[in-house]
Amino acid sequence: MAENKIKLALYLNGWDYETGNKQTLKNNAQKITVKEFDISMKSNIFCPICSTPITRRPLDKDNSTNGRKACFSHIPTYSHVECPLRVPKAEGKLYNTEEEAKQAIDNKELVVISGFKSEPPEQNDSQAEEYDQTPVEDNNGPLAEVPISRHTGEVFNLPSTSTSIRGLCRNFYDNYNRYYLFPEYTSAILLSDLLVDIKKLSKKDILKKIENPDQLPMLYYGKIISSYYLAENNPNHIKFTQIECAKGFDFCIKAKGEYQERHGIKDNSNSKGRVVLCWGTLEKNSELGYAIRPVWGEFALLPVQYEKVLF
Ligand SMILES: [Zn+2]
């Protein structure tokens with residue numbers, strides 16, 4: 001995949017790669033997309049993972065002379081610095097010692113997910129249904145035995161988190177460049193590498209996944225076309241939320257109506273065009289369609305301000 005991978009650059013005036021503290025950069029930099037870059041930021045933008053200075057190509061226009069879209073790009077001076085955001089893609093992140101992996105968790109560079117919440121939190125009538133007012137959905141999970149050691153066969157015991165996609169969407173820009181070790185996975189992978197645009201999947205791509213008995217779940221995303229019940233409007237029934245996809249078939253998220261509505265996927269007037277993120281595996285839904293069937297914690301609407309990093 002030759003697609004450029006730096007979607008969010010760190011912009012911090014006056015920070016220096018040779019002398020600066022990386023944590024200072026991560027805590028204080030503004031995260032900017034390719035479109036938000038302007039020429040005054042030149043020399044002050046950095047890679048979100050390896051922290052080396054990066055550039056935008058071209059610097060001042062949206063497209064280069066050969067018609068390629070503008071993108072952020074590493075600078076050859078620093079090609080000796082390893083970075084998973086360089087193409088070709090690196091494998092999952094490995095750590096030398098358990099201490100080092102724990103440190104990465106403390107620094108919020110690595111998250112070990114023990115599972116997703118299957119049921120919503122107790123409904124509190126006084127709570128507005130906005131994201132900011134929902135209860136925290138991250139809880140400490142059990143110590144997990146995880147195979148992310150650089151030394152073959154060694155396993156680390158690391159604190160895990162039980163979470164929901166809704167929790168993950170809340171600080172989406174921060175989470176976008178973190179390593180996640182999700183259930184069923186044996187390596188820690190950047191969240192940005194687990195995101196799959198449903199609209200870019202051909203029927204062949206989907207069938208290849210469905211026919212694979214070891215299909216791994218991914219974080220699928222797409223724009224909502226409509227959301228409806230098959231028969232009566234009963235929130236205890238399954239509701240179908242149709243997602244924009246390639247021509248020739250349809251694609252939907254099938255989940256309990258009550259859960260969809262509490263996530264903000266209500267009637268078509270308020271959810272059409274919004275972006276939904278859904279963790280799961282693909283399955284056949286009907287003669288013409290495919291679906292994902294998430295539990296409560298496996299899907300959520302992405303807050304509108306974060307959509308620009310995905311499209
Ligand atoms: Zn980098």
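In this text the structure is predicted, and so the values were computed from the model without any measurement.

### A few points about the confidence of the model for the protein
Line of reasoning, step 1. A residue-level look at the protein finds 91% of positions with pLDDT of 70 or above and a mean pLDDT of 88.
Line of reasoning, step 2. The low-confidence segment residues 126-133 (pLDDT under 50) makes 14 contacts with residues lying over four places distant or belonging to another chain.

### Quick word on unusual backbone geometry
Line of reasoning, step 1. Put simply, Arg57 and Pro58 share a cis peptide bond, and its omega is -15°.
Line of reasoning, step 2. Locating Pro58 in the fold gives a position in the loop between strand S4 (54-57) and strand S5 (71-74).
Line of reasoning, step 3. Phi angles above zero are rare outside glycine, and Ser43 is one such case at about 75°.
Line of reasoning, step 4. Mapped onto the elements of the fold, Ser43 is located in the loop between strand S2 (30-32) and strand S3 (45-46).
Line of reasoning, step 5. With a relative accessible area of 57%, Ser43 lands in the exposed category.
Line of reasoning, step 6. Not every positive phi belongs to a glycine, and Ser51 is a case in point at roughly 70°.
Line of reasoning, step 7. With respect to the helices and strands, Ser51 occurs in the loop between S3 and S4.
Line of reasoning, step 8. Taking the relative accessible area as the measure of exposure, Ser51 reaches 0% and is therefore buried.

What counts, and at which threshold
- Residues numbered from 1 in each chain as written.
- Predicted model: local features only at pLDDT ≥ 70, side-chain atom pairs only at ≥ 80, totals over all residues.
- Heavy atoms only, no water.
- pLDDT = per-residue confidence, 0-100.
- Contact = heavy atoms within 4.5 Å.
- Helix = DSSP H or I, 4+ residues; strand = E, 2+ residues; numbered from the N terminus.
- Buried < 20%, exposed > 50% of the residue type's maximum accessible area, 1.4 Å probe, protein only.

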